[in-house]
Amino acid sequence: MAERKFEKFRSPGKGNGLRATAPLLPGDLLYTAKPFAYTTCKSGGRLACDFCLGIPDRLLRCSSCKLVKYCGARCQKEAWPDHRKECKCLKSIQPKEPAETVRLVGRVIFKLLKDLPCPSEELYSLSELQSNISELSDEMREGFSQLAIMLQFYLQKEIPAPSHLPAGLNIFELFAKVACNTFSICNAEMQDVGAGIYPSMSLLNHDCNPNCIIVFEGKHLILRAAKEIQVEEELTTSYVNLMMPSKERQSELKRQYSFECKCRKCQTQAADELMVAGDKQAVMETKKAKSKALQLQLDGKWEQSLAICRSILNSNDGRLPDGNVYQVGVLDCAMDACISGCLYEEACMYGKRTLEAYRLHYPDMCPSKAIQLMKVGKLQYLHDKLPEALQTMKEALNILKVTHGQNHKLTLELMYMLKDCEAAKCTVK
């Protein structure tokens, strides 16, 4: 990779941060990293390969612990050096399973015991990560204490006594560090498939109008510039979903990361009025309906989820605009439920209605916006709405070239779809 174009520095009022050492353009590749440690998480009820984080049609269980799953023999073989100790621990507590956070912290400890250099600590080491212990609520302190007890039970096969832990390691502090420094690893459709620790990238500070974006290829983190960045300008990314009113963003940042965002968007509460526009009673009803619909989808009850979505959307006619963030949440649920039930024409209708909010509330160069546009473009193409599909796909492609790069498999996939769509349009003519 070319010479790094950023450096670590002390960010006023924020502590450590990263800043540019050269002018940067939208789409510039700034950094790639493997995780210090990572683990899988459930994505829509499906599990990813424990090594590459792919989601194939079929996964093979580890023959020993029978919990961890892989794409095939190759992934299993490459994962074995890290899975070997964990495998014994998983097997020893069956039929119980460790919480995802406990398993991740266990992997961090096994990595520390190897005492080997890790490229992801190039700028910032695990030991330097902030824990924000002094800011923790009583509830979080109690939660970490319980997790520490679970960890001790989980690791007893390999680490029977505290003296076998890495020297000077504070388990409570480690849980606190993991809680506020873990990155959600997303697949191409922006679904969470894992959680990982990338110490050097924890130097990135938050902004609700970030100038950088992070995407993933498998477990590899990729950092790119989202807009023009000047020399000595701080590099920022967003820690939270930006399609939330400032009050909700602030609440999540305070709970998870123990700070109050003072960016311009939060100070002015810009876009809040549009995000929650409409009848206040309808907003409350829609928030509840969205939560129910999402839970039903997690439980695999897609038809029931769709019924709730249809009902609240009919009720909201004339009460909530599609730019309302809670309305678009229900529209998203409805689209996914329709896709699950092969109701593609109805899914296309819901998907098109979501685009107003995605264009309105997300930054210009945002992976979530690009994926949504691509998804809707596919549905439009399936239903021979070729002019609309072309326009939607081109908009998605312009964003993907910046957020993912020209050679990312998702960008290439969309390029092929565009060619097919253009050819189909010519045939119709």
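Note that the structure is predicted; figures quoted are calculated from it, not measured.

1. Comments concerning the UniProt feature "domain: MYND-type" (unreviewed entry) in the chain
- Following the UniProt record, the feature "domain: MYND-type" (unreviewed entry) maps to residues 49-87 here.
- Secondary structure within residues 49-87 divides into 38% helix and 10% strand; the distance between the first and last C-alpha atoms comes to 15 Å.

2. A short note on the sheet that holds strand S3 (residues 29-33)
- In spatial order, the strands read S3-S11-S10; together these three strands make up an open sheet with antiparallel pairing. Bordering the open sheet on either side are S3 and strand S10 (212-217), each of which pairs with just one other strand. Across the sheet, the mean angle from the axis of one strand to that of its neighbour is 20 degrees, orientation sign disregarded.

3. Remarks on the sheet that holds strand S7 (residues 182-186)
- Across the sheet, which stays open at both edges, the three strands sit in the order S4-S8-S7 with antiparallel pairing between neighbours. The open sheet has two edge strands, strand S4 (37-40) and S7, and neither has a second partner. Neighbour-to-neighbour, the strand axes of the sheet open up by a mean angle of 25 degrees, direction not taken into account.
- Bridge analysis of S7 against strand S8 (residues 192-197) gives five bridges, and the strand direction is antiparallel. Of the residues in S8, the one forming a bridge with Cys186 is Asp192.
- Its contacts with the sheet put helix H2 (residues 100-114) on S4, S7 and S8, and the angle it makes with S4 is roughly 150 degrees.
- Running over the sheet, helix H4 (residues 171-181) touches S7 and S8 and is turned about 45 degrees from S7.

4. Describing the pairing of strand S11 (residues 220-225)
- Burial analysis of S11 places five of its six residues in the buried class, the great majority of the element.
- As paired elements, S3 and S11 share four bridges and run antiparallel to each other. Within S11, the position partnered with Thr32 by the bridge is Ile222.
- In the sheet, S10 pairs with S11 via six bridges, with the strands oriented antiparallel. Following the sheet pairing, Glu217 is matched in S11 by His220.
- Linkage of S10 to S11, two consecutive antiparallel strands, is achieved through a turn of two residues, within which Gly218 is found at a positive phi near 65 degrees.

5. Here we look at helix H5 (residues 246-257)
- Taking 1.5 Å per residue, twelve residues should reach 16 Å; H5 reaches 15 Å between its end C-alpha atoms and fits that length.
- Here H5 has its buried residues at Ser246, Arg249, Gln250, Leu253 and Tyr257. Across the axial projection of H5, the buried residues extend over an arc of 95 degrees, all falling on one side.
- Where the residues of H5 are buried, they touch H4, strand S9 (205-206), helix H6 (264-268) and helix H7 (272-275).
- The first or second residue beyond H5 is Ser258, which carries a positive phi of 60 degrees.

6. Here we look at the environment of Ile93
- By secondary structure assignment, the location of Ile93 is in the loop between helix H1 (73-92) and H2.
- For Ile93, a relative accessible area of 5% gives the class buried.
- Remark: the alpha-carbon pair of Ile93 and Ser311, spanning 218 residues in sequence, is separated by 45 Å.
- Setting aside residues up to four positions removed in sequence, Ile93 forms contacts with Pro98, Phe153 and Tyr154.

7. Focus: the packing of aromatic side chains
- This model, assessed by the stated rule, comprises seven aromatic pairs.
- Taken together, a centroid distance of 6.0 Å and an interplanar angle of 80 degrees make the contact between Phe144 and Phe172 edge-to-face. A residue pair is termed long-range when its members are at least 10 positions apart, and Phe144 in helix H3 (residues 138-155) and Phe172 in helix H4 qualify at 28 residues.
- Aromatic ring contacts, followed pair by pair, group Phe183, Tyr198 and Phe216 into a single cluster.
- Positioned above the aromatic ring of Phe51, the side-chain terminus of Lys219 is 3.7 Å from the ring centre.

8. Let's talk about the environment of Val215
- If you trace the backbone, Val215 turns up in strand S10.
- When its relative accessible area of 3% is taken as the criterion, Val215 is described as buried.
- As a C-alpha pair, Val215 and Cys186 span 29 residues in sequence and 7.3 Å in three-dimensional space.
- What Val215 contacts, discounting residues up to four positions off in sequence, is His220, Leu221, Ile222, Pro367, Thr403 and His404.

9. Here we look at helix H8 (residues 280-298)
- Between its terminal C-alpha atoms H8 stretches 28 Å, which fits the 27 Å expected from 19 residues at 1.5 Å a residue.
- Restricting attention to buried positions, one finds in H8 the residues Ala282, Val283, Thr286, Ala289, Ala293, Leu296 and Gln297. For H8, the arc enclosing every buried residue in end-on projection is 150 degrees, short of the 170-degree limit, so these residues lie on one face. When the buried face of H8 is taken as reference, the exposed residues oriented beyond 90 degrees from it are Lys280, Lys288, Lys292 and Leu298.
- With a side-chain oxygen positioned 3.1 Å from the backbone nitrogen of Gln281, the residue opening H8 is Asp279.
- Positioned one or two residues after H8, Gly300 has a phi angle of 80 degrees, which is positive.

10. Some remarks on the nonpolar core
- Counting residues in each nonpolar core, the largest one holds 65 residues, and the members touching the most others are Ile109, Leu151, Met201, Leu223 and Leu235.
- Per-element tally for this core: the top contributor is H2, with six residues.
- Apart from the residues within four sequence positions on either side, Leu151 is in contact with Val102, Val105, Gly106, Ile109, Ile171 and Phe175.

11. Describing the pattern of salt bridges
- Under the definition given, this model contains 21 salt bridges.
- Here Glu7 makes a salt bridge to Arg19, at a shortest N to O gap of 2.7 Å. Taken as a pair, Glu7 in strand S1 (residues 6-11) and Arg19 in strand S2 (residues 15-20) lie far apart in primary sequence, twelve residues in all.
- The exposure class assigned to Glu7 is partly exposed, which follows from its relative accessible area of 31%.
- Looking at Arg19, the relative accessible area reads 24%, which means it is partly exposed.
- Lys88 serves as the salt-bridge partner of Glu158, at 3.7 Å between the closest nitrogen and oxygen. Within this pair, whereas Glu158 is found in the loop between H3 and H4, its partner Lys88 is found in helix H1, the two being separated by 70 residues in sequence.

Scoring rules and cut-offs
Residues numbered from 1 in each chain as written. Predicted model: local features only at pLDDT ≥ 70, side-chain atom pairs only at ≥ 80, totals over all residues. Heavy atoms only, no water. UniProt positions renumbered as here; feature names shortened; annotations may be inferred. Helix = DSSP H or I, 4+ residues; strand = E, 2+ residues; numbered from the N terminus. Pairing = 2+ DSSP bridges. Axes fitted to C-alpha atoms, helices over the stretch in contact; angles between N-to-C directions. Contact = heavy atoms within 4.5 Å. Buried < 20%, exposed > 50% of the residue type's maximum accessible area, 1.4 Å probe, protein only. Expected span 1.5 Å × (residues − 1). Arc of directions from axis to C-beta. Phe/Tyr/Trp six-rings, centres within 6.5 Å; stacked < 30°, edge-to-face > 60°. Lys NZ or Arg CZ within 6 Å of the ring centre and 35° of its normal. Polar contact = N/O pair within 3.5 Å; in protein donor to acceptor, adjacent residues only side chain to side chain. Core = buried A, V, L, I, M, F, W, Y, C linked by side-chain atoms within 4.5 Å. Salt bridge = Lys/Arg side-chain N within 4 Å of Asp/Glu carboxyl O.

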